[in-house]
Amino acid sequence: MILNPYILIKLSESEKRFLIVLFFLIVVVLFVCGLFYEGITRFMARQGEDIGRLMATQVESGYISSLKQFKRNSYRKSRLEFYRQFIKTFIMMIIWFAIYGTVSIFYRHWLDLFDYTSEGFTTLLWKFDYANTPRTTFFGMSIISDWPPLLHKPFFSAKAIPSYLLAVFGIVIIILFVGQVLSYLARTIFIIQHSKKMFTRDLRDYKLSDLSAAPAELQESGVNIPEVKPKEPLPPTNG
Amino acid sequence: MKGLFKRLGQGILFILALPFGIAIFILFSIYAIITFFYTFFSAIPAFFKGENVFGPTELDIAASTRLAEQKLAAQQPPPPPVVQPSTTINLFTVQQPGTEQVPPPQVTYTQSDGVTYRRVTEQEVAALPEETIIDNSEEQK
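Residues numbered from 1 in each chain as written. Chains lettered and ligands numbered in written order. Predicted model: local features only at pLDDT ≥ 70, side-chain atom pairs only at ≥ 80, totals over all residues. Heavy atoms only, no water.

## Looking at the overall build of chain B
When its secondary structure is counted, chain B shows four helices and three strands. Considering chain B as a whole, with its 141 residues, one finds that 13% of them fall into the buried category. Taking contacts inside chain B between residues at least 6 apart in sequence as the whole, the part at least 24 apart equals 11%. Surface summary for chain B: the accessible area is close to 12,000 Å², and the carbon and sulfur share equals 64%. (Helix = DSSP H or I, 4+ residues; strand = E, 2+ residues; numbered from the N terminus. Buried < 20%, exposed > 50% of the residue type's maximum accessible area, 1.4 Å probe, protein only. Contact = heavy atoms within 4.5 Å. Areas by Shrake-Rupley, 256 points an atom, 1.4 Å probe, with all protein chains shown as cover.)

## Remarks on the packing of aromatic side chains
Following the criterion strictly, the structure yields 27 aromatic pairs over all chains and no others. With a centroid separation of 5.8 Å and 15 degrees between ring planes, the pair formed by Tyr100 of chain A and Trp110 of chain A is classed as stacked. Of this pair, Tyr100 of chain A sits in helix 4 (residues 67-107) while Trp110 of chain A sits in the loop between helix 4 and strand 1 (127-128), and the two are ten residues apart along the sequence. Ring centres of Phe37 of chain B and Phe41 of chain B lie 6.3 Å apart, and the angle between their planes is 25 degrees; this geometry places the pair in the stacked category. Of this pair, Phe37 of chain B and Phe41 of chain B both sit in helix 1 (residues 2-48), four residues apart, which is roughly one turn of the helix. (Phe/Tyr/Trp six-rings, centres within 6.5 Å; stacked < 30°, edge-to-face > 60°.)

## Let's talk about the pattern of salt bridges
Counting across every chain of the model gives seven salt bridges over all chains. The partner of Lys77 of chain A in a salt bridge is Asp60 of chain B, and the shortest N-O contact between them spans 3.1 Å. Of this pair, Lys77 of chain A sits in helix 4 while Asp60 of chain B sits in helix 2 (residues 58-75), each in a different chain. No difference in accessibility class separates Lys77 of chain A from Asp60 of chain B, as the two residues are buried. Three or more residues joined by partner-sharing salt bridges are found here, namely Asp50, Arg53, Glu81 and Arg84 of chain A. (Salt bridge = Lys/Arg side-chain N within 4 Å of Asp/Glu carboxyl O.)

## A word on the environment of Ile192 of chain A
By the element assignment, Ile192 of chain A lies in helix 5 (residues 161-198). For the pair Ile192 of chain A and Tyr75 of chain A, spaced 117 residues apart in sequence, the C-alpha to C-alpha distance is 9.9 Å.

## Considerations on the packing of helix 4 of chain A against helix 1 of chain B
Helix 1 of chain B packs onto helix 4 of chain A with a crossing angle of 95 degrees between their chain directions and a minimal axis gap of 10 Å. As far as their axial angle goes, helix 1 of chain B and helix 4 of chain A are roughly perpendicular. Here Arg79, Leu80, Phe82, Tyr83, Phe86, Ile87 and Phe90 of chain A of helix 4 of chain A come into contact with helix 1 of chain B, specifically with Ala32, Thr35, Phe36, Phe37, Tyr38, Thr39 and Phe40 of chain B. Partitioning the contact of helix 4 of chain A with helix 1 of chain B into residue classes produces eleven nonpolar, two polar and one charged. (Axes fitted to C-alpha atoms, helices over the stretch in contact; angles between N-to-C directions. Parallel < 35°, antiparallel > 145°, perpendicular 65-115°, else oblique. Nonpolar A, V, L, I, M, F, W, Y, C, P; charged D, E, K, R; others polar.)

## A few points about the pairing of strand 2 (residues 135-138) of chain A
Residues and elements named next belong to chain A. Two strands pair when backbone bridges link them, and strand 2 and strand 3 (residues 141-144) are joined in this way by four bridges, in the antiparallel orientation. Looking at the pairing, Thr137 lines up with Ser142 of strand 3. Counted along the chain from strand 2 to the antiparallel partner strand 3, the turn is two residues long, and its residue Phe139 has a positive phi close to 55 degrees. (Pairing = 2+ DSSP bridges.)

## Quick word on the interface of chain B and chain A
With 32 residues of chain B in contact, the opposing surface of chain A contributes 35 residues. Regarding the contact of chain B and chain A, the summed buried area is about 3,200 Å², with carbon and sulfur atoms giving 77% of it. Run the count over chain B and chain A and you get two salt bridges. Listed by contribution, the elements that provide at least two residues to the side of chain B that touches chain A are helix 1 and helix 2 of chain B. With 22 residues, the single largest contributor to the side of chain B that touches chain A is helix 1 of chain B. Class assignment of the residues belonging to the side of chain B that touches chain A gives a composition of 22 nonpolar, seven polar and three charged. (Buried area = accessible area lost by both parts, 1.4 Å probe.)

## A few points about the confidence of the model for chain B
Residues and elements named next belong to chain B. Looking at chain B as a whole, the pLDDT averages 79, with 71% of positions reaching at least 70. The element-level mean pLDDT for chain B is lowest in helix 4 (residues 136-140), coming to 56, with helix 1 highest at 92. Here the predicted complex carries an ipTM of 0.73, next to a pTM of 0.67. (pLDDT = per-residue confidence, 0-100.)

## Describing the packing of helix 3 (residues 50-61) of chain A against helix 4 of chain A
Axis angle and axis distance: for two packed helices, these are the angle between their axes and the distance between the axes, and together they describe the pair. All names here are of chain A. The geometry of helix 3 relative to helix 4 is characterised by a closest axis approach of 10 Å and an angle of 130 degrees between their N-to-C directions. In terms of axis orientation, helix 3 runs oblique to helix 4. The crossing of helix 3 and helix 4 is right-handed. From helix 3, Asp50, Ile51, Arg53, Leu54, Met55, Gln58 and Val59 reach across to helix 4, where they touch Phe70, Asn73, Ser74, Lys77, Ser78 and Glu81. Looking at the contact of helix 3 with helix 4 residue by residue, the class counts come to five nonpolar, four polar and four charged. (Left-handed = near helix turned anticlockwise from the far one by under 90°.)

## A closer look at the nonpolar core
One finds Phe82 and Val181 of chain A to be the most contacted residues of the largest nonpolar core, which totals 14 residues. Of all the elements in the fold, those that place two or more residues in this core are helix 4 and helix 5 of chain A together with helix 1 of chain B. By residue number, the principal contributor to this core is helix 5 of chain A, which donates six residues. For Val181 of chain A, the contacting residues outside a window of four places in its chain are Phe82 of chain A together with Phe25, Phe28, Ser29 and Ala32 of chain B. (Core = buried A, V, L, I, M, F, W, Y, C linked by side-chain atoms within 4.5 Å.)

What follows is the structure in structure tokens.
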């Protein structure tokens, strides 16, 4: 007796629609993640090649003669490049904290940036009650079946204006910090990966017996020429 | 379609590698901040000594100088070729009309300084006045 699997799996119409939506949702999430992967890979590759700009003068002049010397100089250059980039972000961070402290002095308490009722930047966002998210049982698993209940709708609060500005400023600082650390990481990876290639030579295809480009006297000297056995005379063949 | 599957594969890879990536990023961020403060605090005593930590090192200056010299040497025109002193010999024959005997070829010598000497015949020597002829045989005696 052959069992038809379609008999075993009985899906209601809503479950079928749910499965289709779930499938497309997974595809979209994977696609967006793929775009992120591609973007980060390209960004890091471009930033890693920045070592070429930093070390070009020293390498082209011929003063770099060993792997150790190259690594020491390139790590130093990379560190100083990170310092040059990050010093601006660091000053921005200090300014951010200074503004935050000043606003808190005026408010007479530490400003709560995540307060969604009056003074935080989350007053402009939706607030969901994630703890009471509706769930349903699907093939024995408890999964989310609907949007969570809405606790708060976005509204503009004059008291939260410093929070809005600080939030935008903070996001810019975070993006700069992440980009600069990723650049530093990419340069370090580039040095580790590519520095050895500069001082090693691939000898897999190198033929010691190939003297075609050598001078004539060296070719006639017999140096490095493989021994060739004299051909034995072939026995005469009839016809 | 192939590109779409490749992108979805990259997405799966991204999701799988994300926790490790975040961990590496956080650790490296700590390292980067430590190196930042190390550079910052090492620059303070150097500043009071009159040194510049962020300026070019001696190696940078030497490398730049060498590259500039190489560039300058490449821009200069090559030296003119050395001209060796040479002698040009022109041989040509002048056919005299009405004579059966072929005259000897007229030979001229042109030195590198531009002076041209011509080989003379016996008749031309005989036609010269005696005062102009210097006999070396008498001096040798």
